[in-house]
Amino acid sequence: MAVLAIVQSQLDDDQAQDVVTIDLEGKSDVADAMIIASGRSQRHVASIADKMMRALKEAGYGQVSVEGMPACDWVLVDAGDVIVHLFRPEVRQFYNLERIWAPELFEEVAQSNPFAPKIDALEVAEGEE
């Protein structure tokens, strides 16, 4: 997938942090892949998003849309088959999209971290039903 390669390359060039690619096949009809990454600050998140939009436009993907640019705490770039979430680290930790879209990644991290909680809020809510 050409869009995915462009996005990953641009994130690497712009030194995005903690980049996670999630395969959405069978999970969503909206896109084939989701990428979650962090920037060091609001300015860094804005720069990553802006350069990504330019790279995609230069490659012929002009239908890319973006949300969240004024605040740059969480910027969503919709490139059709690939959805990119760019966060400041604190905001990313709060929303924890990896836990929602790729719980298998969450389990691996939880098992490798002896200080991770053994139960989370989603499990508590499921047990109340």
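Residues numbered from 1 in each chain as written. Predicted model: local features only at pLDDT ≥ 70, side-chain atom pairs only at ≥ 80, totals over all residues. Heavy atoms only, no water.

A.B. asks: Hey, could you run me through the overall build of the chain in this one?
C.D. replies: Within the chain, the secondary structure is distributed over six helices and five strands. Mapped in sequence order, the helices and strands of the chain form the string α-β-β-α-β-β-β-α-α-α-α. Here the chain, with 129 residues, has 36% of them falling under the buried criterion. Restricting to contacts in the chain with at least 6 residues of sequence separation, those with at least 24 account for 55%. (Helix = DSSP H or I, 4+ residues; strand = E, 2+ residues; numbered from the N terminus. Buried < 20%, exposed > 50% of the residue type's maximum accessible area, 1.4 Å probe, protein only. Contact = heavy atoms within 4.5 Å.)

A.B. asks: Which parts of the structure should I look at to understand the environment of Val-77?
C.D. replies: By secondary structure assignment, the location of Val-77 is in strand 4 (residues 74-78). Placed 25 residues apart in sequence, Val-77 and Met-52 show a C-alpha to C-alpha distance of 8.6 Å. Non-local contacts of Val-77, meaning those with residues more than four positions away in its chain, are made with Ala-49, Met-52, Met-53, Val-64, Ser-65, Val-66, Val-82, Ile-83, Val-84 and Leu-86.

A.B. asks: Even after reading the chapter, I still don't get the pattern of salt bridges, so can you show me in this structure?
C.D. replies: Oppositely charged side chains may form a pair once their charged atoms are brought near each other. Tallied over the entire structure, the rule returns five salt bridges. Ionic pairing is found between Asp-14 and Lys-51, a salt bridge with its closest N-O pair at 3.8 Å. Highlighted residues: Asp-14 in the loop between helix 1 (2-13) and strand 1 (17-23) and Lys-51 in helix 2 (residues 42-58), separated in sequence by 37 residues. For Asp-14, a relative accessible area of 10% translates into the label buried. Each member of the salt-bridge network shares a partner with another, and the members are Asp-73, Arg-88 and Glu-90. (Salt bridge = Lys/Arg side-chain N within 4 Å of Asp/Glu carboxyl O.)

A.B. asks: Whenever I open this one, the sheet that holds strand 2 (residues 33-38) confuses me. Can you help?
C.D. replies: Strand pairs in the sheet, formed through backbone hydrogen bonds, run parallel or antiparallel to each other. With mixed pairing, five strands are arranged side by side in an open sheet as 1-2-5-4-3. Unpaired on one side and paired on the other, strand 1 and strand 3 (65-67) mark the two borders of the sheet. Taken pair by pair, the neighbouring strands of this sheet meet at an average axis angle of 15°, ignoring direction. In this structure, strand 2 lies alongside strand 5 (residues 82-87), joined through six bridges in parallel fashion. Residue pairing in the sheet places Ser-38 in a bridge with Phe-87 of strand 5. (Pairing = 2+ DSSP bridges. Axes fitted to C-alpha atoms, helices over the stretch in contact; angles between N-to-C directions.)

These figures capture arrangement, not role.
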